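Structural overview
These are the residues of each chain, in order.
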Amino acid sequence: MTTEIFHDSDADLSIIQNKKVAIVGYGSQGHAHALNLRDSGVEVVIALKEGSRSIQKAQEAGFEVKTVADAADWADVIVILAPDQHQRGIYADSIKEHLAPGKTLLFAHGFNIRFGYIQAPEGVDVVMVAPKGPGHTVRREYEAGRGVPVIVAVEVDASGSAWDTAWSYAKAIGGLRAGGIKTTFTEETETDLFGEQAVLCGGMSHLVQYGFETLVEAGYQPQIAYFEVLHELKLIVDLMWEGGIAKQRWSISDTAEYGDYVSGPRVIDPHVKENMKAVLADIQSGAFAQRFIDDQDAGAPEFLALREKEAQHPIEAVGKELRALFAWKQQDEDYTEGSAAR
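Residues numbered from 1 in each chain as written. Predicted model: local features only at pLDDT ≥ 70, side-chain atom pairs only at ≥ 80, totals over all residues. Heavy atoms only, no water.

Brief notes about the overall build of the protein chain
When helices and strands are tallied, the protein chain shows 18 helices and 9 strands. Computed over C-alpha atoms, the radius of gyration of the protein chain comes to 22 Å, within 12% of the 20 Å expected from 2.2 N^0.38 for 342 residues, which places it in the range of a compact globule. Projected onto its principal axes, the C-alpha positions of the protein chain cover 65 × 45 × 45 Å. Scored against the burial criterion, the 342 residues of the protein chain give a buried share of 37%. Taking the contacts inside the protein chain whose residues are at least 6 apart along the sequence as the reference set, 65% of them involve residues at least 24 apart. When the accessible area of the protein chain is evaluated, it comes to approximately 18,700 Å², of which 54% is carbon and sulfur surface. (Helix = DSSP H or I, 4+ residues; strand = E, 2+ residues; numbered from the N terminus. Rg over C-alpha atoms; globule rule 2.2 N^0.38 Å. Buried < 20%, exposed > 50% of the residue type's maximum accessible area, 1.4 Å probe, protein only. Contact = heavy atoms within 4.5 Å. Areas by Shrake-Rupley, 256 points an atom, 1.4 Å probe, with all protein chains shown as cover.)

In structure tokens, the structure reads:
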């Protein structure tokens, strides 16, 4: 399959400039999209529920804030950037009845469309523009005259011009400065969930924990174990991010590179790939989505219990102690605000 990459010259900015855009949510992605759109000459309002802590923040940034219902009624393009588990309720309660033919629903992640939790009425375009980076990076790169790559999809092209609207929006938030790639809601959702669960979050977190446990149980100091299996991980990931696995292997010692080749497959063996396939199958079937949404609807008892359990792992206490020694550290309390809100 040939990958198509689109740039600024491939999109007409005036399309989105001639539409009224409502951004639902003002978290990590919401604030970045809103600010970048406004700086690109687009009329934007922020849609938030009454009493939201983000109202003051959005107003201080100079935005008009409306209720979600009023914003959905006013806008031509409704951009739903609330967390996945809340989108269905927001849509049903405040957006659906205000949709009319010719309007556009825009997402930055395909979860609720892919698994059928949101179904748009006839005549409404359904598109996705997903920056491949957190919101604060999307904003910072835009201000620097650069951009974060985006992947773009159209699920429903009721108007016949949904792709033009999507590319115009992608240009307005700066994504086409770096490049935009065509995808589908299904491809984006399934690969995104798989990457998070099998490699980036689930896989990496548990690999680090098992490495830490192995060293400590063998009698090594927890502090030394922390340095070797967690602290130095950033150095390796940064090298991979800059130039792929090849640059990482070129940059490390011959001893480390040789160990990569002979010992890596002993830890990450074919059984791991089979387990990954099982994870992917649960994603593709909708089993993971159903488990997540059912738990959220019940008040998230499983989610909260797992969060508490993982927070008690010994590596967390050791890490907090050691990070206090670093003059250059990010403060433990400075987690990226709204990072879960797409």
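Some thoughts on empty space enclosed by the protein
Taken as a whole and assessed by the stated rule, the structure comprises 1 cavity of 30 Å³ or more. In this structure, the largest cavity spans a volume of roughly 30 Å³. Forming the walls of the largest cavity are Pro131, Val138, Gly147, Val148, Val150, Ile173, Gly174 and Gly175. (1 Å grid on protein atoms, 1.4 Å probe; cavity = no way out; pocket = protein on both sides within 12 Å on 5 of 7 lines; lining within 4 Å. Points joined across faces, edges and corners; volume = space filled by probe spheres on them.)

Notes on the nonpolar core
Membership of the largest hydrophobic core comes to 33 residues, with the highest contact counts inside it found for Val21, Ile23, Leu37, Ile46, Val129 and Tyr169. Among the secondary structure elements, those contributing two or more residues to this core are β2 (20-24), α2 (28-39), β3 (43-47), β5 (77-80), β7 (125-131), β8 (150-156) and α8 (162-172). When residues in this core are grouped by element, the largest group, 6 residues, is from α8. Not counting chain neighbours up to four residues away, the residues in contact with valine 129 comprise His33, Leu106, Phe107, Ala108, Val150, Ile151, Val152, Ala166, Tyr169, Ala170 and Ile173. (Core = buried A, V, L, I, M, F, W, Y, C linked by side-chain atoms within 4.5 Å.)

Side note on unusual backbone geometry
Positive phi, normally seen in glycine, also occurs at alanine 300, with a value near 65°. Residue classification places alanine 300 among the buried positions, given a relative accessible area of 7%.

Re the pattern of salt bridges
Here the structure, examined in full by the defined rule, presents 12 salt bridges. A salt bridge links arginine 139 to aspartate 39; the shortest N-O distance between them is 2.9 Å. One end of the pair, arginine 139, is in helix α7 (residues 135-143); the other, aspartate 39, is in helix α2, with 100 residues separating them in the sequence. On the basis of relative accessibility, which here comes to 12%, the residue arginine 139 falls in the buried class. Here the salt bridges do not stand alone but share partners, grouping Asp39, Arg139 and Glu143 into one network. (Salt bridge = Lys/Arg side-chain N within 4 Å of Asp/Glu carboxyl O.)

Focus: a nonpolar patch on the surface
A surface patch of nonpolar side chains, amounting to about 280 Å² of accessible area, comprises Leu207, Val267 and Ile268. Here leucine 207 shows up in helix α11 (residues 202-217). Taking the relative accessible area as the measure of exposure, leucine 207 reaches 48% and is therefore partly exposed. (Patch = residues over 30% accessible without salt bridge, like charges linked within 9 Å, V, L, I, M, F, W, Y side chains within 5 Å.)

Quick look at the confidence of the model for the protein chain
Averaged over the protein chain, the pLDDT score is 94; the fraction of residues at 70 or greater is 95%. This model gives residues 332-342 a pLDDT under 50, and the stretch forms 23 contacts once residues within four places in sequence are excluded. (pLDDT = per-residue confidence, 0-100.)

Points about the packing of aromatic side chains
This model, assessed by the stated rule, comprises 10 aromatic pairs. For the pair phenylalanine 288 and phenylalanine 292, a centre-to-centre distance of 6.3 Å together with 10° between the ring planes defines the contact as stacked. Note that phenylalanine 288 and phenylalanine 292 are positioned in helix α16 (residues 287-297) at a spacing of 4 residues, about one turn of the helix. Among the aromatic residues, those joined into a ring-pair cluster are Phe111, Phe115, Tyr117, Phe288 and Phe292. Arginine 38 extends its terminal NZ or CZ atom over the ring of phenylalanine 63, reaching a point 4.1 Å from the ring centre. Positioned over the ring face of tyrosine 142 is arginine 177, at 4.3 Å from the centre of the ring. (Phe/Tyr/Trp six-rings, centres within 6.5 Å; stacked < 30°, edge-to-face > 60°. Lys NZ or Arg CZ within 6 Å of the ring centre and 35° of its normal.)

Regarding the packing of α2 against α7
Working note: a packed helix pair is described by the angle between its axes plus the distance between those axes. α7 packs onto α2 with a crossing angle of 20° between their chain directions and a minimal axis gap of 7 Å. The angle between α2 and α7 falls in the class roughly parallel. Facing α2, whose interface residues are Ser28, Gln29, His31, Ala32, Leu35, Asn36 and Asp39, α7 presents Gly135, His136, Val138, Arg139 and Tyr142. (Axes fitted to C-alpha atoms, helices over the stretch in contact; angles between N-to-C directions. Parallel < 35°, antiparallel > 145°, perpendicular 65-115°, else oblique.)

Quick notes on a negative patch on the surface
A cluster of acidic residues, Glu50, Asp70, Asp73 and Glu97, forms a negative patch at the surface. Judged by relative accessible area, aspartate 70 falls into the partly exposed class, the value being 46%. (Lys, Arg positive; Asp, Glu negative; His and termini not counted. Charge placed at Lys NZ, Arg CZ, Asp CG, Glu CD.)

Section: the pairing of strand β6 (residues 104-107)
In β6, alternate side chains face the same way, and those of Thr104 and Leu106 on one face and Leu105 and Phe107 on the other are all buried. Of the strand pairs in this sheet, β5 and β6 are connected by 4 bridges, and their pairing is parallel. The partner of isoleucine 80 across the bridge, within β6, is phenylalanine 107. In terms of handedness, the path from β5 via helix α5 (residues 84-95) over to β6 forms a crossover that is right-handed. Bridging between β6 and β7 involves 4 bridges; their strand directions are parallel. Opposite threonine 104, over in β7, you have aspartate 125 as the bridge partner. (Pairing = 2+ DSSP bridges. Right-handed = clockwise from strand over helix to strand, strands pointing away.)

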